[in-house]
Amino acid sequence: MKQIPCIIFLFLISFGIHAQNKDKPVDWGVKGGFNSDICNITDLSIDGNRIDYSENTYRVGVSGSIFMRLNIERMYVQVEPGYNFTRGGLEFRFTDRLEIRNLANLSWEFNSLSLPVLVGYHIIKQAPYGLNFFAGPKFSTIFKSKNTFSIDTNKYPLDFEFRNYYCSLVGGVGITIGGLFVDFRYDLGLMHLLKDITYTNPFLGEDPFGKIELKNKMNTMSFSLGYIF
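Calculation notes
- Residues numbered from 1 in each chain as written.
- Predicted model: local features only at pLDDT ≥ 70, side-chain atom pairs only at ≥ 80, totals over all residues.
- Heavy atoms only, no water.
- Helix = DSSP H or I, 4+ residues; strand = E, 2+ residues; numbered from the N terminus.
- Buried < 20%, exposed > 50% of the residue type's maximum accessible area, 1.4 Å probe, protein only.
- Contact = heavy atoms within 4.5 Å.
- Areas by Shrake-Rupley, 256 points an atom, 1.4 Å probe, with all protein chains shown as cover.
- Salt bridge = Lys/Arg side-chain N within 4 Å of Asp/Glu carboxyl O.
- Core = buried A, V, L, I, M, F, W, Y, C linked by side-chain atoms within 4.5 Å.
- Phe/Tyr/Trp six-rings, centres within 6.5 Å; stacked < 30°, edge-to-face > 60°.
- Pairing = 2+ DSSP bridges.

(A) Fine view of the overall build of the protein chain. A count of helices and strands for the protein chain gives one helix and 14 strands. With 229 residues in all, the protein chain has 43% of them scored as buried. Considering only intrachain contacts with a sequence separation of at least 6, the fraction spanning at least 24 residues in the protein chain is 73%. As displayed, the protein chain offers around 12900 Å² of accessible surface, 63% of which is attributable to carbon and sulfur atoms.

Written as structure tokens, this is what we have:
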């Protein structure tokens, strides 16, 4: 029974090799994989108190997309609309209004639609194998999010206001065997992702609403597995 996944994988590789048509001017494909965010912070403060040190809390998200690739000899242009579920967080210490030193955790997860436009070059293009690198801009819009803010063991309601759109620069490398491929990529955020963050803390008395200032550019590492038809 343990040999069945290996047999299926070898069959897919064999099928991809025989189905490959290297002379096609346009390729279509699908891909899916995993991602992990790296929050690049330029400014962080709680209720006006600046936080000088924080650590990323790495969490794994998923993504999926379809793509169209226009082949121009060894070069290609690829348009890749897709869906992303992204997760991340920060851990830091701060002193609140009551002069109490706290350990805090800020976490988020959001859904987004993205459109990378990539230009690639095949370093190796000898059927059935290939090696290429690619780069280009990526445009994203966030449509749903779930966020939490905890101080020690207490969790508080949190309201994130994201930008309506977000731009990043993508770079990566891909390896192909027939119709199958894997790619590794890194997204470099070009804009601050958040506009405003507020939280509610009933222990603060008559004015329970606190404010978190977080200016960050989101970088993402991702790994994907796909198939070119």
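(B) Highlighting the pattern of salt bridges. Throughout the structure, instances matching the rule amount to eight salt bridges. Residue Arg59 is joined to Glu109 by a salt bridge in which the shortest nitrogen-to-oxygen separation is 3.5 Å. Of this pair, Arg59 sits in the loop between strand S3 (54–56) and strand S4 (60–72) while Glu109 sits in strand S7 (residues 101–126), placing them 50 residues apart in sequence. Here Glu109 and Arg87 are joined by a salt bridge, their closest N and O atoms 3.7 Å apart. With Glu109 in strand S7 and Arg87 in strand S6 (residues 82–95), this pair connects stretches of sequence that are 22 residues apart. For Arg87, a relative accessible area of 25% gives the class partly exposed.

(C) Up close: the nonpolar core. Ranked by size, the top nonpolar core spans 28 residues in total, and within it Phe92, Leu106, Phe149 and Ile212 carry the most contacts. Put simply, the parts of the chain that give this core at least two residues each are strand S1 (26–46), S6, S7, strand S8 (129–151), strand S10 (158–162), strand S11 (166–177), strand S13 (194–200) and strand S14 (209–228). The element that contributes the greatest number of residues to this core is S7, accounting for four residues. Among residues more than four places away in sequence, those in contact with Phe92 are Leu44, Ile46, Ile51, Tyr53, Ser54, Asn102, Leu103, Ala104, Leu106 and Phe149.

(D) Spotlight on the environment of Gly179. Position of Gly179 relative to the elements: it lies in the loop between S11 and strand S12 (180–189). Distance from Gly179 to Tyr227, taken between C-alpha atoms, is 5.4 Å for residues 48 residues apart in sequence.

(E) View of the packing of aromatic side chains. Enumeration over the complete set of coordinates arrives at five aromatic pairs. Judged by centre distance (5.7 Å) and plane angle (75°), the ring pair of Phe67 and Phe181 falls under edge-to-face. On the criterion of sequence distance, the pair formed by Phe67 in strand S4 and Phe181 in strand S12 is long-range, its members being 114 residues apart. Accessibility classification places Phe67 together with Phe181 in one group, the buried group.

(F) Examining the pairing of strand S5 (residues 75–79) more closely. Side chains Tyr76 and Gln78 of S5 all project onto a buried face; the interleaved residues Met75, Val77 and Val79 project onto a face where none is buried. Across five bridges, the pairing between S4 and S5 is antiparallel. What sits directly across from Arg69, in S5, is Gln78. Hairpin connection between S4 and S5: a loop of two residues separates the two successive antiparallel strands, and Glu73 in this loop has a positive phi of roughly 55°. Bridge analysis of S5 against S7 gives five bridges, and the strand direction is antiparallel. Each residue of the ladder has a partner; that of Met75, found in S7, is Tyr121.

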